[in-house]
Amino acid sequence: ARAVIVGVAGKRRLPMDDFFAGYRKTALIGDEILLAVELPHLAPEAYFSSYKVSKRRELDISICAAGMLVERDSSNGVVNIRLAFGGMAAIPKRADRTEAELLGKPWTRDTIENALDFLDQDFQPISDHRASARYRMLLAKNILRGFFFDSVDGADGLEFRPTATVVTAR
């Protein structure tokens with residue numbers, strides 16, 4: 001994904017991995033605003049989903065949020081995986097070690113279960129008024145489990161729960 005940034009000096013694009021510079025800091029300079037986020041087209045064999053856990057349904061800072069993508073080959077092997085989490089670090093961050101553990105492996109429940117401990121290496125969440133560090137880590141692991149179940153045809157996935165008053169077709 002790329003951030004589309006616009007200001008008096010013009011428009012620029014930046015990889016989303018470079019947009020967040022630190023806690024409550026972005027790559028925006030001076031009068032710039034974030035105009036859009038460009039998402040690449042998904043490959044036909046790709047599956048993507050996003051998740052948000054918060055105390056209220058709308059207008060709330062999440063306890064933990066995630067955007068996840070997996071692409072599998074014809075033998076069910078993982079050829080591309082992206083696991084991005086919010087609420088687990090000072091900025092939204094990818095689970096690099098977990099992604100590396102899953103890449104090239106079969107997309108199975110056992111593979112997911114074996115990879116969950118790598119999230120402990122990717123993140124050291126904080127405790128605050130929204131949730132404890134332990135609870136956030138448990139959420140992140142369960143969100144990854146849920147993503148697996150959602151991505152597998154015929155599996156019992158997570159129930160669809162809209163996060164807004166206005167719901168569009170899924």
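To be clear, the structure that these remarks concern was listed above.
This section reports on the structure supplied with the text. (Residues numbered from 1 in each chain as written. Predicted model: local features only at pLDDT ≥ 70, side-chain atom pairs only at ≥ 80, totals over all residues. Heavy atoms only, no water.)

**Observations concerning the nonpolar core**
To keep it simple, the criterion reads: Nine residue types can take part in a nonpolar core, namely buried Ala, Val, Leu, Ile, Met, Phe, Trp, Tyr and Cys, and a core is a set of them joined through side-chain atoms within 4.5 Å. Summary of the burial criterion: residues with accessible area below 20% of their type's maximum are buried, those above 50% are exposed, and those between are partly exposed, where the area comes from a 1.4 Å probe applied to protein chains only. Helix and strand labels come from DSSP, where a helix needs a run of H or I of at least four residues and a strand needs a run of E of at least two; each type is numbered from the N terminus. Whether two residues are in contact is decided by their heavy atoms: any pair within 4.5 Å suffices.
Of all hydrophobic cores here, the largest spans 27 residues; its most connected members are Met68, Leu83, Phe85, Trp107, Leu119 and Leu144. Of all the elements in the fold, those that place two or more residues in this core are strand E7 (64-72), strand E8 (78-86), helix H2 (109-115) and helix H4 (133-151). Examining the composition of this core, we find that seven residues originate from one element, H4, more than from any other. When near neighbours in sequence (up to four residues on either side) are disregarded, Met68 contacts Tyr47, Phe48, Ser49, Tyr51, Arg82, Leu83, Phe85, Ile143, Leu144 and Phe147.

**Regarding the environment of Ile81**
Mapped onto the elements of the fold, Ile81 is located in strand E8. Under the relative-accessibility criterion, Ile81 is labelled buried at 4%. In the structure, Ile81 is positioned 18 residues away from Glu99 in sequence and 6.0 Å away in space, judged by C-alpha atoms. Sequence-distant contacts of Ile81, defined by excluding residues within four places in its chain, comprise Leu69, Val70, Arg94, Glu99, Leu102 and Trp107.

**Notes on the sheet that holds strand E1 (residues 2-7)**
Strand-to-strand pairing in sheets goes through backbone hydrogen bonds, with the strands running parallel or antiparallel. Note the cut-off: In this scheme, strands are said to pair when DSSP sees at least two bridges between them. Axis geometry follows a simple rule: fit a line to the C-alpha atoms, using only the stretch in contact for helices, then measure angles between N-to-C directions, giving values from 0 to 180 degrees.
Strand order across the open sheet formed by three strands is E2-E1-E5, with antiparallel pairing between neighbours. Every other strand in the sheet has two partners, leaving strand E2 (10-15) and strand E5 (33-38) as the edge strands with one partner each. Taking each pair of neighbouring strands and ignoring which way they run, the sheet shows an average axis angle of 25°. Examined bridge by bridge, E1 and E5 share five bridges and lie antiparallel to one another. Within E5, the residue paired with Val4 across the bridge is Ala36.

**Some points on the pattern of salt bridges**
The cut-off we apply is this: Here, a salt bridge means any side-chain nitrogen of Lys or Arg that lies within 4 Å of a carboxyl oxygen of Asp or Glu.
Within this structure, the stated rule accounts for eleven salt bridges. The partner of Glu113 in a salt bridge is Arg145, with the nearest N and O atoms 2.8 Å apart. Highlighted residues: Glu113 in helix H2 and Arg145 in helix H4, separated in sequence by 32 residues. A relative accessible area of 29% places Glu113 in the partly exposed class. Residue classification places Arg145 among the partly exposed positions, given a relative accessible area of 25%. The closest approach of N and O atoms between Lys141 and Asp120, which form a salt bridge, is 2.9 Å. Taken together, the positions of Lys141 in helix H4 and Asp120 in helix H3 (residues 118-122) put the pair 21 residues apart, joining distant regions of the chain. Because the salt bridges share partners, they merge into one network encompassing Arg2, Arg13 and Glu38.

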